[in-house]
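Architecture and fold: a report
Read off the chains here:
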Amino acid sequence: MSSLCKELVTLQLGHYSNFVGTHWWNLQDASLSEELGEINSDVAFREGRTIDGQVTYTPRLIAMDLKGSLQTLRQEGCLYSTNKESSAISWEGPVTMHQESPVSKNPFLLDLDKLETGVLLAQVDSSDQANSSGAFGAGSVNRQLERVAKSYALEGSVRVWSDFLRIHLHPRTVSVIHQYNHGGETHRLEAFGQGEPLLQGPVLEDVEDRLHFFIEECDNLQGFQVLCDLTNGFSGLGSKVTELLQDSYGGKGILTWGMVPVTHPDSTPMKDIYHVINTALGMVHMANNSSFFCPLTLRGGLDRRPGPPVAFPHLTYDPSLWYHSSSVLALALDALTAPCRLRQNGVPVGQMADLLTGSGRKVVAAYGALPLPMMQGATLPDALSSCAGALPWRPLSSCPDGGGGQCFAQLLTLRGLDEQRLVSRALNGPQAPNALHGLKSGEDVLASYMASFYPTGDLAMHLLSSPSLLTPPFPRVFSSDLGEQGCLQSRCLAPGAVPPTVSSVPVLSCLQSGPALGPWLAELHRAVGALNIRRLAPSFLSQGPELSEYQEALEQLRLLARCYRDDNRGAAHFSSEDSNDDSDD
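Residues numbered from 1 in each chain as written. Predicted model: local features only at pLDDT ≥ 70, side-chain atom pairs only at ≥ 80, totals over all residues. Heavy atoms only, no water.

A look at the pattern of salt bridges
Heads up, the condition is: Any Lys or Arg side-chain nitrogen located within 4 Å of an Asp or Glu carboxyl oxygen qualifies as a salt bridge. Counting from the N terminus, the helices are the DSSP runs of H or I reaching at least four residues and the strands are the DSSP runs of E reaching at least two. Each residue is placed in one exposure class: buried if its accessible area under a 1.4 Å probe, protein chains only, is under 20% of its type's maximum, exposed if it is over 50%, and partly exposed if it falls in between.
With the rule as written, the count across this model stands at eleven salt bridges. Between Arg166 and Asp29 there is a salt bridge, and its shortest N-O distance comes to 2.9 Å. Of this pair, Arg166 sits in the loop between helix H4 (140-148) and strand E5 (174-181) while Asp29 is found in helix H1 (residues 15-30), placing the two residues 137 residues apart along the sequence. Judged by relative accessible area, which is 1%, Arg166 ranks as buried. The partner of Arg210 in a salt bridge is Asp206, and the shortest N-O contact between them spans 2.8 Å. Taken together, the residues span about one helical turn, with Arg210 and Asp206 both in helix H6 (residues 201-216) at a distance of four residues. Relative accessible area serves as the criterion here: at 10%, Arg210 is assigned to the buried category. Looking at Asp206, the relative accessible area reads 24%, which means it is partly exposed. What you see here is one network of salt bridges that share partners, running through Asp334, Arg341 and Arg415.

In structure tokens:
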């Protein structure tokens, strides 16, 4: 590991967060074959050795979920198994045999099993043996799957996140909360107040042990990345976990992403009330404990009656499938987190937050062009000029980009365009199609383009030539007008022709702090404040928090919304007179 590497520890809290996280780790695994690439994989991965001396390369990750959520995945993994039979135990009493049918595996998992033994590669090329050298856990699976060149349609077979996990995990990664069930009708982790008290006793000791294991081996820890379910009881657990991180590692950055699926299985009107309350409470507490907090969702709003799901011009994802929606969010997260994982000129998570969170504005919004629409062979000025005076991205936090030309700060990441495609090949002067085509660098092109929408505000950007690589089992969510590299094809497919498999895409992402967040947060405050919780959801308060704590959190949400007024006043500047002024609520 390079001495310049600044390690990052990732925590995934909840089932949908693990869906997004699994896709995100699969994307990281796909890029491991790039030696000395722009992304430093040592930031997120760790090297280890099995008891037999085999080198391993696994995520520096703690993934928490509920009982019954793993299905075919072994909690302790298989990399560090001794593969030795246990000693026989003598027993002279009666023996009763109970046989349980194993959980069936989908075609992708079955092929992974074959890769472990080399059977699948032998089927592809009988003269080629499975690669037994190199590190287990990451990268090697990717290289072997590339040789197999096989795609999968898992829409009907993905039940849990491990159904499409392509890498090995360390035995210290998966933590199961046995007090609550993943499925069924009883013992469900549905309320904020159920999650908060979980982080004590054995669960607290377990989390601390896992944190110490991953942190103690770090030479230069930059901080933490937390993915947390926002609409269920994990919002309460996440509030306590981020509080623990802040108290124990206060000098390190904490980037928290609140994950919200478009739909929830078996939802009811009462559960919808729980979802919006959990969202509000979790956002307030995790924003307070983190360097910044960013919701990630393709849902049309965070209240009980959202608008339609986010639509992208060149995506055909099914919003009702977690397997699909989580892949889109992971693709965005891959770009959003790239600055803190760069090999050269990386930006630690704490500095990322410092750029975006002035005057107490610790909630930020995400946007993404997935993919950035551009013709094959076109340049960045060509792509931006073709947007017809509009920004190319869509909201990824359910916050509309409606700041009226005002923005406090933005962090842009562009992936997938090499140096030759960042600037125009057209001549300068009167022959240039527009001003963007006359600029000399990609940074100047993006800065000029963004200034036409946001004349003021801080702007930081990172341009990476490497695209996001898509390998099995990333779902086929791209429209048929995209080519293999994710660019628009100049010719339409012939009738009956099979569209090419998209193997990489250019992506433009944005983290933004601006006035648009104020009305958005105020609307969430209104939606929750309008609920008579003692009448509509008395069981919510019976599980905690206390009514006074609930009301205090709503007040903090109201004051947080007012931080985004364009008058440079933070929450700390509000007087009691301000606190009683509800004109913006």
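On we go from here.
Details of helix H17 (residues 547-562)
Since there are 3.6 residues in each turn of an α-helix, residues three or four apart along the chain are aligned in direction. Convention followed: Take the residue count of a helix, subtract one, and multiply by 1.5 Å to get its expected span.
Taking 1.5 Å per residue as the helical rise, H17 with its 16 residues ought to reach 22 Å, and the 23 Å between its terminal C-alpha atoms agrees with that figure. Of all the positions in H17, only Tyr550, Ala553, Leu554, Leu557, Arg558, Leu559, Leu560, Ala561 and Arg562 are classed as buried.

Quick word on the sheet that holds strand E4 (residues 61-67)
How we decide: Two strands make a pair as long as DSSP finds a minimum of two bridges between them. Inter-axis angles, ranging from 0 to 180 degrees, are taken between N-to-C directions of lines fitted to C-alpha atoms, where helices are fitted over the stretch in contact. A contact between two residues is defined here by any heavy atoms of the two lying within 4.5 Å.
If you walk across this open sheet you meet the six strands as E5-E4-E1-E6-E7-E8, and the pairing is parallel. Edge positions in the sheet fall to E5 and strand E8 (292-297), since each of these pairs with one other strand and no more. Adjacent strand axes in the sheet meet at a mean angle of 15° when their direction is disregarded. With six bridges joining them, strand E7 (residues 253-260) and E8 adopt parallel strand pairing. Bridged to Trp257 within E8 is Cys294. Contacts from helix H7 (residues 234-248) reach strand E1 (8-13), E4, E5, strand E6 (223-229) and E7, with the element oriented near 170° to E6. Against the sheet, helix H10 (residues 349-356) makes contact with E1, E6, E7 and E8, and its axis sits at roughly 70° relative to E7, the strand it touches most.

What about helix H14 (residues 517-529)?
Compared with an ideal rise of 1.5 Å per residue, which puts 13 residues at 18 Å, H14 spans 18 Å between its outermost C-alpha atoms and is within 8% of the ideal. The set of residues buried in H14 consists of Leu517, Gly518, Trp520, Leu521, Ala522, Leu524, His525 and Val528. Buried-residue contacts for H14 involve helix H8 (269-289), E8, strand E9 (365-369), strand E15 (507-513) and H17.

Quick look at unusual backbone geometry
Generally, phi is negative for residues other than glycine and the peptide bonds are trans, each holding for most cases. In this structure, the amide linkage connecting Leu370 to the following residue, Pro371, adopts the cis form with an omega of -5°. Structurally, Pro371 can be placed in the loop between E9 and helix H11 (380-385). Geometrically, the link from Pro472 to Pro473 is a cis peptide bond, its omega value of 10° lying close to zero. With respect to the element layout, Pro473 can be found in the loop between strand E13 (468-469) and strand E14 (504-505). Unlike most non-glycine residues, Ser359 shows phi in positive territory, near 55°. Note on placement: Ser359 falls in the loop between H10 and E9. Owing to a relative accessible area of 34%, Ser359 belongs among the partly exposed residues under this scheme.

Section: the packing of aromatic side chains
Let me state the cut-off plainly: Note on aromatic pairs: the rings of Phe, Tyr and Trp (six-membered ring only in Trp) are paired at centre separations within 6.5 Å, and the planes decide the class, stacked below 30 degrees, edge-to-face beyond 60, tilted for the rest.
Summed over all chains, the structure comprises 16 aromatic pairs. Ring geometry for Phe474 against Phe478: centres 6.2 Å apart, planes inclined by 20°, an arrangement best described as stacked. Pair check on accessibility: Phe474 and Phe478 agree, each one buried. By way of ring pairs, the aromatic residues Tyr16, Phe19, Phe164, Trp322 and Tyr323 are connected into one cluster.

What to know about the packing of H8 against H17
For any two helices packed against each other, the geometry comes down to the angle between their axes and how far apart the axes lie. How we decide: Working rule for angles: under 35 degrees goes down as roughly parallel, over 145 as roughly antiparallel, 65 to 115 as roughly perpendicular, anything else as oblique. When the near helix sits turned anticlockwise from the far one by under a right angle, the crossing is termed left-handed; a clockwise turn instead gives a right-handed crossing.
At a minimum axis distance of 9 Å, the contact between H8 and H17 shows a crossing angle of 70°. Classified by the angle between their axes, H8 and H17 sit roughly perpendicular to one another. In this structure, H8 crosses over H17, and the sense of that crossing is left-handed. For the pair H8 and H17, the contacting residues are Ile277, Ala280, Leu281, Val284 and His285 in the first and Tyr550, Ala553, Gln556 and Leu557 in the second.

Some points on the sheet that holds strand E11 (residues 409-415)
Taking strand neighbours across the sheet as the criterion, the five strands line up as E10-E9-E15-E11-E12 in an open arrangement whose pairing is mixed. In this open sheet, the two edge strands, each paired with only one partner strand, are strand E10 (394-395) and strand E12 (458-464). Pairing geometry for E11 and E12, over seven bridges, is parallel. What sits directly across from Leu411, in E12, is Ala460.

As for the nonpolar core
What counts is decided by this rule: Nonpolar cores are built from buried Ala, Val, Leu, Ile, Met, Phe, Trp, Tyr and Cys residues. Side-chain atoms within 4.5 Å join them into one set.
If you look at the biggest cluster of nonpolar residues, it comprises 95 residues, and the most contacted ones within it are Leu11, Leu211, Phe224 and Ile277. The biggest single contributor to this core is H8, with ten residues. Each residue touching Ile277, except ones within four places of it in the same chain, is listed here: Val528, Leu531, Ile533, Phe540 and Tyr550. In this structure, Tyr16, Phe108, Trp161 and Met259 belong to the second largest nonpolar core, which totals 75 residues.

Some remarks on the side chain of Ser31
For the record, the criterion: For this analysis, a polar contact is any N or O atom pair within 3.5 Å, provided that within protein one partner can donate a hydrogen and the other can accept it, and provided that sequence-adjacent residues contribute only side-chain to side-chain pairs.
As for its position among the elements, Ser31 is in the loop between H1 and strand E2 (45-49). A distance of 2.9 Å separates the side chain of Ser31 from the backbone oxygen of Gln28, its partner in a polar contact.

What to know about the environment of Asp229
In this fold, Asp229 is placed in strand E6. Given a relative accessible area of 4%, Asp229 falls into the buried group. A sequence separation of 211 residues divides Asp229 from Asn18, and the C-alpha atoms of the two residues are 8.9 Å apart. A distance of 3.4 Å separates the side chain of Asp229 from the backbone nitrogen of Tyr16, its partner in a polar contact.

Thoughts on the confidence of the model for the chain
For clarity, the threshold we go by: Each residue carries a pLDDT score, the predictor's own confidence in it, on a scale running from 0 to 100.
In this model, the chain carries a mean pLDDT of 86, and residues with pLDDT of at least 70 account for 84%. Taken together, the stretch residues 124-134 has pLDDT below 50 and engages in twelve contacts with residues farther than four places along the chain or on a different chain. For residues 568-585, every residue scores under 50 in pLDDT, and the model assigns this stretch 34 contacts once sequence neighbours within four places are set aside.

What about the packing of H7 against H8?
This is how it is decided: Side-chain classes follow a simple rule in which Ala, Val, Leu, Ile, Met, Phe, Trp, Tyr, Cys and Pro form the nonpolar group, Asp, Glu, Lys and Arg form the charged group, and the remainder, Gly included, forms the polar group.
Across the interface, H7 lies against H8 with an axial gap of 9 Å and an inter-helix angle of 5°. The angle between H7 and H8 places the two elements in the roughly parallel class. Facing Ser235, Gly238, Ser239, Thr242, Glu243 and Gln246 of H7, the residues of H8 in contact are Asn278, Gly282, His285, Met286, Asn288 and Asn289. Partitioned by chemical class, the residues of the contact of H7 with H8 number one nonpolar, ten polar and one charged.

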